[in-house]
Amino acid sequence: MVISLLCSDVGRGHPFYLDGVRRALEGGGRGGLIAREATVFEVSRGTSLLAWRAVRWSYRIAGRGGPIGALYQRFRSEMDYDRDSAVLRILGRDLRSWAGDEGLLLVDHPAIVGALGGRPRVWYVHGEMVAPPEAIVRGAAGILVPTPKVADRFADGGVPRERIHITGICVENELLPIAQAALEERRRRLAAGGPLTLGFYSSGAEPGAHVASLAAGVAAAIRGGHAAIVVARRGGRLDRSVGSSRLDLGGKGPEIVRFSTRRELDQRTAEIFPRLDVVVSPPHERSNWAVGLGLPFLLVGPDFGPFAPRNRDLLLRAGVAIEIHTPTDAERLAEILGELQSRHLLERMCESGTGRPIDGFAQAARILVEEIEGRGDLTRGRTA
């Protein structure tokens with residue numbers, strides 16, 4: 001049996017986890033098991049393609065808030081991916097033909113599971129550390145989740161326990177070889193109490209409120225003597241904001257790391273990661289850095305979508321983050337950092353974000369290999 005990969009290609013979060021499993025398979029010498037891979041946009045035609053484009057457009061709008069975003073979130077929260085519907089039939093028309101019935105098919109979104117309409121051996125990778133109700137889908141033959149708490153959420157939603165497989169936190173494959181050395185250097189810098197290097201990240205939708213807070217935080221950090229690295233989509237809202245003359249920094253400016261593709265984003269992030277002491281970001285898929293890699297987070301808001309508020313709550317309860325509510329708060333970033341340093345809170349946040357399994361992608365690849373080799377029931381390690 002072989003593995004096929006079908007990607008939603010909507011946003012960064014869902015595709016990020018599928019990318020990570022693929023790279024783990026390749027890195028473990030199992031790339032030859034991947035028979036085919038495609039995105040729903042490459043496979044779909046006609047009305048099905050238009051429907052997926054509408055999903056992508058709605059996702060982007062929802063990520064920026066407002067009444068249309070609220071309407072989309074309501075529609076999404078009421079969507080049942082386990083129940084046959086006209087929407088799922090349209091989305092899945094060409095996907096079912098491409099997928100066929102042979103081999104294991106790994107997907108990154110519950111909508112694809114529902115759209116495939118009972119296709120056997122469909123596995124779903126859910127790498128997020130939280131699971132809102134709309135993420136729960138019961139039609140998958142196997143579901144890969146990062147933690148026991150997420151496993152419990154799926155089980156409570158009606159997924160049989162034997163279908164749920166716990167991998168550990170999914171950290172980028174590129175970061176694993178450098179994670180420990182970066183942590184030790186970060187501990188040293190935080191203990192020294194000197195100027196910090198802050199990484200600024202937006203969500204893919206780049207909501208105006210987030211961009212305003214991030215830009216204000218960049219300016220405040222630099223004026224306070226800290227270094228700022230802004231990771232921004234090339235030509236996007238954040239890039240235009242921090243790269244413009246509107247940031248009056250007395251001749252100084254942030255380091256802007258630009259990207260166009262997910263692959264480029266991961267590569268550029270790996271290059272700068274060892275230098276980061278703190279991340280300023282909304283609470284999205286990079287939350288795994290805070291709880292797994294000992295990287296303190298300053299969380300900007302407001303939260304859009306079902307994942308962000310749950311991620312925020314998780315990070316705050318874990319003691320690895322604090323909140324920066326508004327652009328006005330962000331303008332005080334240097335003062336906030338000074339208080340955190342004087343009270344050694346950044347060091348505590350760093351230590352609170354260590355000691356958890358972070359090889360989720362490698363474990364997901366192992367579980368899939370065992371499944372296609374027919375050894376899953378005998379050799380599976382961490383399960384629900």
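The structure reproduced in this document is the subject of the present report.

What counts as what
Residues numbered from 1 in each chain as written. Predicted model: local features only at pLDDT ≥ 70, side-chain atom pairs only at ≥ 80, totals over all residues. Heavy atoms only, no water. Helix = DSSP H or I, 4+ residues; strand = E, 2+ residues; numbered from the N terminus. Rg over C-alpha atoms; globule rule 2.2 N^0.38 Å. Contact = heavy atoms within 4.5 Å. Areas by Shrake-Rupley, 256 points an atom, 1.4 Å probe, with all protein chains shown as cover. Lys, Arg positive; Asp, Glu negative; His and termini not counted. Charge placed at Lys NZ, Arg CZ, Asp CG, Glu CD. Expected span 1.5 Å × (residues − 1). Bend = angle between axes of the 7 residues up to and from the residue. Buried < 20%, exposed > 50% of the residue type's maximum accessible area, 1.4 Å probe, protein only. Pairing = 2+ DSSP bridges. Axes fitted to C-alpha atoms, helices over the stretch in contact; angles between N-to-C directions. Core = buried A, V, L, I, M, F, W, Y, C linked by side-chain atoms within 4.5 Å. Parallel < 35°, antiparallel > 145°, perpendicular 65-115°, else oblique. Left-handed = near helix turned anticlockwise from the far one by under 90°. Nonpolar A, V, L, I, M, F, W, Y, C, P; charged D, E, K, R; others polar. Phe/Tyr/Trp six-rings, centres within 6.5 Å; stacked < 30°, edge-to-face > 60°. Lys NZ or Arg CZ within 6 Å of the ring centre and 35° of its normal.

### Topic: the overall build of the protein
Secondary structure summary: the protein contains 18 helices and 12 strands in total. A compact globule built from 384 residues should have a C-alpha radius of gyration of about 21 Å, and the protein, at 21 Å, falls within 12% of that. Taken along the three principal axes of its C-alpha coordinates, the protein extends 60 × 45 × 35 Å. Put simply, 65% of the contacts in the protein that link residues at least 6 apart link residues at least 24 apart. Of the roughly 15,700 Å² of accessible surface on the protein, 51% is carried by carbon and sulfur atoms. The distance from the centre of the 51 positive side-chain charges to the centre of the 45 negative ones in the protein is 2 Å.

### Section: helix α5 (residues 86–99)
With 14 residues, α5 extends 19 Å between its outermost C-alpha atoms, agreeing within 8% with the 20 Å of an ideal straight helix rising 1.5 Å per residue. Maximal helix bending in α5 amounts to about 50 degrees, located at Gly-92. All of the buried residues along α5 are Leu-88, Leu-91, Gly-92, Asp-94, Leu-95, Trp-98 and Ala-99. Trailing α5 by a residue or two, Gly-100 shows a phi angle of about 65 degrees, which is positive.

### Re helix α1 (residues 13–27)
Here α1 contains 15 residues, and its C-alpha end-to-end distance of 21 Å stays within 8% of the 21 Å for a straight helix at 1.5 Å per residue. Along α1, 13 of the 15 residues are buried, which leaves the element largely enclosed by surrounding structure. With its phi angle positive at about 75 degrees, Gly-29 sits one or two positions after the end of α1.

### As for the sheet that holds strand β1 (residues 3–7)
In space, the 6 strands of this open sheet follow the order β2-β1-β3-β4-β5-β6, with parallel pairing throughout. The open sheet terminates on both sides in strands that have one partner only, identified here as β2 (34–39) and β6 (164–166). Shown here is a sheet whose adjacent strand axes are inclined to one another by a mean of 20 degrees, direction ignored. Here strand β5 (residues 142–145) pairs with β6 via 3 bridges, running parallel. Following the sheet pairing, Leu-144 is matched in β6 by His-165.

### What to know about the sheet that holds strand β10 (residues 278–281)
Ordered in space as β9-β8-β7-β10-β11-β12, the 6 strands form an open sheet in which the pairing is parallel. Each end of this open sheet is capped by a strand with a single partner; those strands are β9 (255–259) and β12 (321–324). Taking the axes of each pair of neighbouring strands and ignoring which way they run, one obtains an average angle of 20 degrees across the sheet. Sheet strands in contact with helix α15 (residues 333–342) are β7 (197–201), β11 (297–300) and β12, and its direction is about 155 degrees off that of β12.

### A look at the nonpolar core
Counting residues in each nonpolar core, the largest one holds 68 residues, and the members touching the most others are Leu-6 and Phe-154. It is α5 that contributes the most residues to this core, 5 residues altogether. With residues up to four places along the chain from it excluded, the contact list for Phe-154 reads Tyr-124, His-126, Ala-131, Ala-135, Ile-136, Val-137, Ile-143, Val-145, Val-159 and Ile-164. If you look at the next biggest cluster of nonpolar residues, it comprises 32 residues, including Leu-198, Ala-220, Ile-324 and Leu-340.

### A few points about the packing of helix α8 (residues 176–192) against helix α16 (residues 345–352)
In a pair of packed helices, the angle between the axes and the distance between the axes together describe the arrangement. Relative orientation of the contacting elements α8 and α16 amounts to 160 degrees, with a least axis distance of 9 Å. For the element pair α8 / α16, the angle class is roughly antiparallel. Of the two possible hands of crossing, α8 and α16 adopt the one that is left-handed. Here Leu-183, Arg-187, Leu-190 and Ala-191 of α8 come into contact with α16, specifically with Leu-346, Glu-347, Cys-350 and Glu-351. A per-class count over the contact of α8 with α16 returns 5 nonpolar, no polar and 3 charged.

### Let's talk about the packing of aromatic side chains
Tallied over the entire structure, the rule returns 6 aromatic pairs. For the pair Tyr-17 and Phe-361, a centre-to-centre distance of 6.4 Å together with 45 degrees between the ring planes defines the contact as tilted. With Tyr-17 in helix α1 and Phe-361 in helix α17 (residues 360–372), this residue pair connects regions lying 344 residues apart in the sequence. Its relative accessible area of 4% is what places Tyr-17 among the buried residues. The exposure class assigned to Phe-361 is buried, which follows from its relative accessible area of 2%. Consider the rings of Phe-273 and Trp-289, whose centres lie 5.5 Å apart with planes at 75 degrees: the pair is edge-to-face. Separated by 16 residues along the polypeptide, Phe-273 in the loop between α11 (262–272) and β10 and Trp-289 in helix α12 (residues 287–292) bring together distant segments of the chain. As far as burial versus exposure is concerned, Phe-273 and Trp-289 are alike and both buried. In textbook terms, an aromatic cluster arises when at least three aromatic residues are bridged by ring pairs, as seen for Phe-16, Tyr-17 and Phe-361. Taking NZ or CZ as reference, Arg-36 lies 4.1 Å from the ring centre of Trp-98, over its face.

As far as function goes, none of this settles anything; it's purely spatial.
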